[in-house]
Amino acid sequence: MTPRPQPRKPSDEASKKGKRKPELTGRVPEPSRQKQPRPPKQPKQPKRPPEDGHSTSPVSPADRARLLDGTHHDPHGVLGAHVVREGIAFRALRPYARSVTVVAKDLRAELRDDGEGFFSGVLPLREVPEDYRLHITYGDTELEIHDAYRFLPAVGEFDLHLIGEGRHEQLWQALGSCPMVHEGATGTRFTVWAPNALGVRVVGSFNFWDGTGFPMRSLGGSGVWELFVPSVGEGELYKYEITRPDGTKTLRADPLARRTETPPANSSVVHESHHEWRDEQWLVRRAEVPVHQAPFSVYEVHLASWRPGLTYRQLAEQLPAYVADLGFTHVELMPVAEHPFGGSWGYQVTGFYAPTARLGTPDDFKYLVDALHRAGIGVLMDWVPAHFPRDDWALAEFDGRTLYEHEDPNRAAHPDWGTLEFDYGRKEVRNFLVANATYWCEEFHIDGLRVDAVASMLYLDYSREDGEWTPNVHGGRENLDAVAFLQEMNATVYRRAPGVVTIAEESTAWDGVTRATHHQGPGGFGGLGFGLKWNMGWMHDSLDYVSKEPVHRKFHHNEMTFSMVYAYSENYVLPISHDEVVHGKRSLVSKMPGDWWQQRANHRAYLGFMWAHPGKQLLFMGQEFAQGAEWAERHGPDWWLLDPAYGAEADHRGVRDLVRDLNTVYRGEPSLWQRDTDPGGFAWVEGDAAEDNVFAFLRYADEETDEAPLLAVSNFSPVVRHAYRLGVPGTYTAWHEVLNTDSARYGGGDVTSPDPVKTEPVASHGRPASLRLTLPPLATVWLRPA
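Residues numbered from 1 in each chain as written. Predicted model: local features only at pLDDT ≥ 70, side-chain atom pairs only at ≥ 80, totals over all residues. Heavy atoms only, no water.

(A) Geometry of the overall build of the chain. The helix and strand inventory of the chain stands at 16 helices and 34 strands. By its C-alpha atoms, the chain is 115 × 65 × 45 Å across when sized along the principal axes. Split into buried and exposed, the 786 residues of the chain put 62% on the buried side. Of the accessible surface of the chain, which amounts to about 29600 Å², a share of 49% is contributed by carbon and sulfur atoms. Averaging the coordinates of the 82 positive side-chain charges in the chain and doing the same for the 108 negative ones gives two points 4 Å apart. (Helix = DSSP H or I, 4+ residues; strand = E, 2+ residues; numbered from the N terminus. Buried < 20%, exposed > 50% of the residue type's maximum accessible area, 1.4 Å probe, protein only. Areas by Shrake-Rupley, 256 points an atom, 1.4 Å probe, with all protein chains shown as cover. Lys, Arg positive; Asp, Glu negative; His and termini not counted. Charge placed at Lys NZ, Arg CZ, Asp CG, Glu CD.)

Below, the structure written as structure tokens:
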């Protein structure tokens, strides 16, 4: 091993691709073209006979050529110590070394210099000395280290068996870099799956990015290459130098690296976790009640821009307190896995097993998750198994041929984002992704995975024209491999991580997204096995309705009621996500018609309707205080709107106060969440008042809980409606307001009813009793029995 250089290698350029607007990626300068200065190469000494009388056993010309060319599949069979007729042969490949000496307890023997970095010698020994070392001289520098080629493989046969079958559920423990003590030596095991490679060498900061002396061995027919490198530990940078089938070479980041350099640099980093978790109580409690029967309101966050410039640990000091104060039960983090271009928001992943280094180390991210859990906040994470970018230092044609992507170019190329789609039919690729899902849940205690772009995975003709896709074996458009992958992923996550939920961003009417995998539906498929699904239909319809001027809303009334036709076909989340407040779509409050007062009133009424509607809630950051500008990842939310020195601060603070109260009342009212997936938990009171722009419905809790129902009434017209009669159950004598979005403290006109409203024995809306209510303009009112 050569001495460590003082300067770091120059950073590589990362690719520049956005989520929706892919850009072409140029080739990236590889570290091998930017090598650190090496120790000066010493002039070769004339070969001389061994001074101590021992014979030599040089590397054969064929092995020498393959080792120097990086195409040897079994370097351990040549290098290291081997029994020969005369004794024990020692062979080493140490480029730029002046001398190599074998050192053991009572032994010190210099090997012969065979040229080109090879050293050899045969010692008259009966067995290989235990724990022998190599004393290496480089110019004025001397090192004494274990011989990397004296060790047995540091990955087990059972691991290789599971990898071969594509069902290693903790794949990250078998592949990647792993600091460890192996056969009494401290170092790092490097393992990588590259079945098409002619040879693989590990290069890094510990060998001046020259892998000549660090060839890896191929472990049978597994496609796995392995090398245990003594004295290499945490923090070292590395990549794999892969010789492709055509003889060319490529430098690749580790697909299972658990830590990376900060982009645009892209080397992998040897990592070992030292975080001590303190969230035991949270993990036990989270599995007590199924998610679809529990309160579940989500604050969606882009960590890099929530408070720009904050690290994971600094975020841990602010984000948990903020979210807890607003009463959200969970945060959803936009993709955390490493990605080269920040403008992709994390949706073009290159480091599937590494949290982005932009905000800190993996342990720093664990610290943030831990802090959120201890504040009573669950952590969901966006996960992107649908595609990956084409960067030539990452997964694309990883070992010289299609490997992670499909071999059919039409199946491999994603038509929308300029990326590549995974080959879900290849068992090792499916294993890579399934294990990745469990990795985030087990290693980082993530409470849920929101799976991005599920629709693009499920359909072979997604964004493709006729002739650009091939039907499946049944002649259909369904991607059967993707279906099987999603079913396996969901089943594995739910089995291994109790209390974790998976959520599908699926924009079509695929049957059974949240149905159990073993329950076959009318289409002939088992369910995909997700716990929840984003209700994209509700989102588009409701936003279209509220964006209309009130005078026109009567023509779009069904857009607010249609969701109840299919509300119980899946377990739904109602999302107002980042996708709805970027790229010219305007922020939520800016979608609303009218002047500033009316926009805020519409905004508040819409949130009140959303929180009362069956399904869970998700709101993107900045919308909780009615930010007027679209979100941009460069600067994040406009926090200055909440500065008391700003003249309209009260307007924005009022909306935030409403969100806090919505969550507070919501969490205390089982009727609003206990039966979200049960048709018996909802009943229309008034769903046809199109001329009035009024909607009214009842929400019910479980019958055995004896909880009272909640009446939600929304008036999306800009006029006060007096003595508005609504039918209610005759069981209760009076009702009182528990929330009114027109309250003055929220910035409304304060058309409220502070006193209980008595039930009248007048039948209405098919019920034996009724209330006469004063409905404030552009407002939602919640009432429950007094």
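This is not the end of the story, as more comes after the structure.
(B) Region of the structure containing the sheet that holds strand 8 (residues 141-146). If you trace the four strands from one edge of the open sheet to the other, you get 4-3-7-8, paired in antiparallel fashion. Looking at strand neighbours, the two that pair on one side only are strand 4 (107-110) and strand 8, the edges of this open sheet. For this sheet, the mean angle separating the axes of adjacent strands, direction not counted, is 20°. Relative to strand 7 (residues 133-138), strand 3 (residues 99-104) runs antiparallel, the two being bridged by five bridges. Across the sheet, residue S99 finds its bridge partner in strand 7, namely T137. (Pairing = 2+ DSSP bridges. Axes fitted to C-alpha atoms, helices over the stretch in contact; angles between N-to-C directions.)

(C) Focus on the nonpolar core. By size, the foremost hydrophobic cluster in this structure holds 173 residues, and its most contacted members are L303 and F365. The biggest single contributor to this core is helix 8 (residues 427-443), with nine residues. (Core = buried A, V, L, I, M, F, W, Y, C linked by side-chain atoms within 4.5 Å.)

(D) The pattern of salt bridges, seen in detail. Evaluation of the coordinates by the stated rule reveals 46 salt bridges. As a salt-bridge pair, R450 and E332 come within 3.9 Å of each other at their nearest N and O atoms. Here E332 lies in strand 18 (residues 330-333) and R450 lies in strand 22 (residues 448-451), a separation of 118 residues in the sequence. Sharing partners across several salt bridges, the network here consists of E332, D382, R450, D452 and E505. (Salt bridge = Lys/Arg side-chain N within 4 Å of Asp/Glu carboxyl O.)

(E) A look at the packing of aromatic side chains. Taken as a whole and judged by the stated rule, the model has 50 aromatic pairs. One Lys or Arg, R307, reaches over the ring of W639 and ends 4.1 Å from the middle of that ring. Between the NZ or CZ atom of K366 and the centre of the ring of F444, over which it lies, the distance is 5.2 Å. (Phe/Tyr/Trp six-rings, centres within 6.5 Å; stacked < 30°, edge-to-face > 60°. Lys NZ or Arg CZ within 6 Å of the ring centre and 35° of its normal.)

(F) Region of the structure containing the pairing of strand 28 (residues 694-699). Summarising burial for strand 28: six of the six residues are buried, a large majority. Across the two faces of strand 28 the burial is the same, with V694, A696 and L698 and F695, F697 and R699 all buried. Note: strand 27 (residues 682-689) against strand 28, five bridges, orientation antiparallel. Counterpart to W684 in the pairing with strand 28 is F697. With antiparallel pairing between neighbouring strands as the criterion, strand 27 and strand 28 make up a hairpin whose turn holds four residues, including N693 at a positive phi of roughly 60°. Examined bridge by bridge, strand 28 and strand 29 (residues 710-715) share six bridges and lie antiparallel to one another. When the sheet's bridge partners are listed, R699 is paired in strand 29 with L710.

(G) Geometry of the sheet that holds strand 13 (residues 224-230). Overall, antiparallel pairing links the four strands, which are arranged 9-10-13-12 in an open sheet. Every interior strand has two partners, whereas the edge strands, strand 9 (176-182) and strand 12 (217-218), have only one. Relative to strand 13, strand 12 runs antiparallel, the two being bridged by two bridges. Within the sheet, the bridge partner assigned to R217 lies in strand 13 and is E226.

(H) The packing of helix 11 (residues 536-546) against helix 15 (residues 596-612), seen in detail. The interhelical angle for the contact between helix 11 and helix 15, taken along N-to-C directions, is 150°, at an axis separation of 11 Å. For the element pair helix 11 / helix 15, the angle class is roughly antiparallel. In this structure, the crossing between helix 11 and helix 15 has a hand that is right-handed. Taking contact as the criterion, the partners of W538, M539, S542, L543 and V546 in helix 11 are, on helix 15, Y606, F609 and M610. Its residues placed into classes, the contact of helix 11 with helix 15 shows seven nonpolar, one polar and no charged. (Parallel < 35°, antiparallel > 145°, perpendicular 65-115°, else oblique. Left-handed = near helix turned anticlockwise from the far one by under 90°. Contact = heavy atoms within 4.5 Å. Nonpolar A, V, L, I, M, F, W, Y, C, P; charged D, E, K, R; others polar.)

(I) Region of the structure containing the packing of helix 5 (residues 312-326) against helix 6 (residues 362-374). With their axes 8 Å apart at the nearest point, helix 5 and helix 6 run at an angle of 10° to one another. Regarding the angle of helix 5 to helix 6, the classification is roughly parallel. The residues of helix 6 that touch helix 5, namely those facing Y312, R313, L315, A316, E317, L319 and P320, are D363, D364, F365, Y367, L368, A371 and L372. For the contact of helix 5 with helix 6, the class distribution of residues is 10 nonpolar, no polar and four charged.

(J) Geometry of the environment of Y240. Positionally, Y240 belongs in strand 14 (residues 237-243). Judged by relative accessible area, Y240 falls into the buried class, the value being 0%. Through-space distance from the C-alpha of Y240 to that of P550 is 62 Å; in sequence the pair is 310 residues apart.

(K) Region of the structure containing the environment of P498. Tracing the chain through its elements places P498 in the loop between helix 10 (480-496) and strand 23 (501-504). In sequence terms P498 and L283 are 215 residues apart; their C-alpha atoms lie 8.5 Å from each other. Ignoring any residue separated from it by four or fewer positions in sequence, one finds P498 in contact with R286 and A287.

(L) Spatial organisation of unusual backbone geometry. Note the cis peptide between P263 and P264, where omega equals 10°. Within the secondary structure, P264 is located in the loop between strand 15 (249-252) and strand 16 (268-269). The residue S231 is not glycine, and still its phi comes out positive at about 70°. Its place among the elements puts S231 in the loop between strand 13 and strand 14. Judged by its relative accessible area of 43%, S231 falls in the partly exposed class. Positive phi is not limited to glycine here, since D750 has a value of about 65°. On the accessibility criterion, D750 (40% relative accessible area) is partly exposed.

(M) The side chain of S120, seen in detail. With respect to the element layout, S120 can be found in strand 6 (residues 118-123). The buried category is assigned to S120, whose relative accessible area is 0%. Engagement of the side chain of S120 in a polar contact is seen with the side chain of D114, the distance being 2.5 Å. Apart from the residues lying within four places of it in its own chain, the contact partners of S120 are T56, S57, P58, F90, R91, L111, R112 and D114. (Polar contact = N/O pair within 3.5 Å; in protein donor to acceptor, adjacent residues only side chain to side chain.)

(N) Region of interest: the environment of M489. Locating M489 in the fold gives a position in helix 10. Using a relative accessible area of 0% as the deciding quantity, one classes M489 as buried. With 108 residues separating them along the chain, M489 and M381 place their C-alpha atoms 15 Å apart. When near neighbours in sequence (up to four residues on either side) are disregarded, M489 contacts W383, V434, A437, V451, T502 and F530.

(O) View of the pairing of strand 5 (residues 112-115). With three bridges joining them, strand 5 and strand 6 adopt antiparallel strand pairing. Within the sheet, the bridge partner assigned to D113 lies in strand 6 and is F119. Linking strand 5 back to strand 6 in an antiparallel pair, the connection comprises two residues, with E116 at a positive phi of about 60°.

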